[in-house]
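Letter by letter, the chains look like this.
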Amino acid sequence: MISRAQHDRMANAIRALSMDAIEQAQSGHPGLPLGAADFATVLFTRALKYDPSRPDWLDRDRFVLSAGHGSMLLYALLHLTGYEAVTIDEIKRFRQLGSLTPGHPEVGVTPGVETTTGPLGQGLANAVGMAIAERHLAAEFGPELVDHRTYVLASDGDLMEGISHESIALAGHLRLNKLIVLYDENRVSIDGPLLLTDSVDQVARFKAAGWAATRIDGHDPAVIASALAAARASELPSLIACRTIIAFGAPTKAGTEGSHGAPLGAEEVAGTRVDLNWPYPPFEIPEEILQAWRMAGQRSEPIRQAWERRYNAMPADRRAEFDRRMRGELPAERVQAVVSKVKEQLAAEPKSIATRAASGLALQALIPAIPELVGGSADLTGSNNTKIKGMPVLTAAFPGGRYIHYGIREHAMAGAMNGMVLHGGMIPYSGTFLVFSDYCRPSLRLAAFMGLRVIHVMTHDSIGIGEDGPTHHPVEQLSALRAIPRLQVFRPCDAVETAECWQLALQSAGRPSVLSLTRQNVTQLRTDFDAENRCALGAYELVPAQGDAAEVSFFATGSEVATAVEAQRLLADRGISARVVSVPCFELLFDAPAEARHAIIGKAPVKIAVEAGIRQGWDAIIGVDGVFIGMPDYGFSAPHKELFHHFGITPEKVAEVALTKLNRQ
């Protein structure tokens, strides 16, 4: 048992390292690390299951600093507990180029960091996904192998963001009792006292969402330890609202907004040292305090060793399957065989169906072949075609299910999916309408930044929706998604391309993907079996020019590829040679070797792109002198065929534009 005096000295070590690093960088947020140091100390010395010598131990507890601006709290903890890479020199390099201590925590940069946080609320949503993954894998592999908790440090700002409402509702509904949120209730925001902007009783709010929730003194280690013990024993997810003083120990800035997002200043740092009875120079930790922290870091080593014995005693085939899933290693041969079979069936019996239906067809074959593939939808299951027949639903009572009904919570859905991948052992996919990708965008951006294989099925991808009108017609969404670096946006033209795009999304272990799919039926344009995945380069010549070199190259995606094919036939009737290039994925095309990319784009003097969206992004393919046929503005409520005719996205109009460009009207 750690005495109160020893606790205070250990917590003050966090405070000292945090304020010193922020002062040296002349940048950072000292308020949270100083205020939250007490409950963080109790968590890391008494409750959290972790082993700094094995940061990737699969059954470790996860700690998510959702309030990522308080990153020095986490870096100080990692250094003090003995994470080898987080040296005192890295602490001194806080917020410097190439350091392991960036301004906000980044997964993959710093050992011990479980997710990238900073945009408030995201870490909380990730943690919900981690807790779902833990429960799901425990149901499959057993608690002797998977039995850990997910802890979150959340700020006032995290709980004001809308994503928090969606996330806590989902967690409460699923009764994720191994999820514990420590809320740093310091009642101060950047603008001043929290009461300027918020008067929500967070304890009551969480209770209403199905959580166990309590409010405690966040500076009393005995009370904190008792609250953590109660949370670990709860059958519900738990909120512990820790009443703290922001910048605890700072003589004039404690309890004020002035300590939130700027260094304390040399004079205030000196005064804090006096008030905390910390007479040591910057970055110096007395040996006895450092050793106390290192012993805390070694506390779970026997637990890890016992786990490794259980792991090694598993049947070899079961252990190999667990390892494969946790590594994120796709059963590639199985996937290849499944996709080939789907393509063979489509060649034998072509299907002119909506690509959302084609996606459902592909999933019928893929889901049995990939046990870690777990689906879901934001209350649009029937519209998205994301649930196959007989697919068990993941619920509080049956966590081994493979389909999650997220409810109308797109933002939490996307954030939780990120958390599942970060935890390991799952490949999540989900469904919503493409127009609602805007609700998912912050999480999609972070998935791309972190390099996470999440797959978002987004249907109803154009004015092809028809009567639902401009509120539901995606116009700018394709271009907006393509603007996110590292995100793959697939828009297949038929059932065959849909199966190929699914394969490519699954194979992309380090990139998120969006599958943009039609509501309306489309013609199957590829009727011959081809073992090659023709979408792999992002674009390919679907219909070559007849006779002489092409005078016109048509480039199109999705349902508009069929429009371009028919326009090519109309031109052929006029003796004009044209080719059609399907462009299912801009990102893969731009990543392709230059020689291949140039060959696909070709040398036709007239280049025309056809897509029921905006032009942004297309100039990289057709050039600034190329012609774009698409959406100049928002749509209208009308049958989809009338809308395509109204906006000139028809074979006749496309052919007419080509003739005009060639001066051959």
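This is a predicted model, so every value here is computed, not measured.

**A few points about the nonpolar core**
And step 1. Leu366, Trp502, Phe554 and Ile608 are the most contacted members of the largest nonpolar core, which totals 69 residues.
And step 2. With eight residues, the single largest contributor to this core is helix H20 (residues 495-507).
And step 3. Apart from the residues lying within four places of it in its own chain, the contact partners of Phe554 are Ala564, Ala567, Gln568, Leu571, Ala578, Arg579, Val580, Val581, Ile608, Val654 and Ala658.
And step 4. Residues Ile14, Leu74, Ile240 and Ala296 belong to the second largest nonpolar core, which totals 58 residues.

**Section: the sheet that holds strand S11 (residues 455-459)**
And step 1. Read across the open sheet, the six strands follow the order S9-S8-S10-S11-S13-S12; overall the sheet is parallel. Each edge of the open sheet carries a strand with a single partner, namely strand S9 (403-405) and strand S12 (488-490). Sheet twist, expressed as the average angle between the axes of neighbouring strands with direction ignored, equals 20°.
And step 2. Sheet analysis places S11 next to strand S13 (residues 513-516), joined by four bridges and oriented parallel. Bridging across to S13, His456 finds its partner in Val514.
And step 3. Against the sheet, helix H15 (residues 355-369) contacts strand S8 (373-377), strand S10 (427-433) and S11, and its axis sits at roughly 150° relative to S8.

**Some details on the packing of helix H5 (residues 122-141) against helix H7 (residues 162-174)**
And step 1. Where H5 meets H7, the axes come as close as 8 Å, and the angle between the chain directions of the two elements is 20°. Classified by the interaxial angle, the pair formed by H5 and H7 is roughly parallel. Seen from above, H5 lies across H7 with left-handed handedness. Of the residues in H7, those touching H5 at Gln122, Leu124, Ala125, Val128, Ile132 and Arg135 are Ile163, Ser164, Ser167, Ile168, Leu170, Ala171 and Leu174.
And step 2. Of the residues belonging to the contact of H5 with H7, the class tally is nine nonpolar, three polar and one charged.

**Observations regarding the packing of helix H1 (residues 4-25) against helix H11 (residues 287-297)**
And step 1. Between H1 and H11, the shortest axis-to-axis distance is 10 Å and the interhelical angle comes to 95°. Classified by the angle between their axes, H1 and H11 sit roughly perpendicular to one another. Contact residues: H1 offers Gln6, Arg9, Met10, Ala13 and Ile14, while H11 offers Glu288, Ile289, Ala292 and Trp293.

**Quick word on unusual backbone geometry**
And step 1. For Asn277, which is not glycine, the phi torsion reads 55° and is therefore positive.
And step 2. Its identity as a non-glycine residue notwithstanding, Phe283 has a phi of 70°, on the positive side.
And step 3. Locating Phe283 in the fold gives a position in the loop between helix H10 (266-275) and H11.
And step 4. On the accessibility criterion, Phe283 (12% relative accessible area) is buried.

About the criteria used
Residues numbered from 1 in each chain as written. Predicted model: local features only at pLDDT ≥ 70, side-chain atom pairs only at ≥ 80, totals over all residues. Heavy atoms only, no water. Core = buried A, V, L, I, M, F, W, Y, C linked by side-chain atoms within 4.5 Å. Buried < 20%, exposed > 50% of the residue type's maximum accessible area, 1.4 Å probe, protein only. Helix = DSSP H or I, 4+ residues; strand = E, 2+ residues; numbered from the N terminus. Contact = heavy atoms within 4.5 Å. Pairing = 2+ DSSP bridges. Axes fitted to C-alpha atoms, helices over the stretch in contact; angles between N-to-C directions. Parallel < 35°, antiparallel > 145°, perpendicular 65-115°, else oblique. Left-handed = near helix turned anticlockwise from the far one by under 90°. Nonpolar A, V, L, I, M, F, W, Y, C, P; charged D, E, K, R; others polar.

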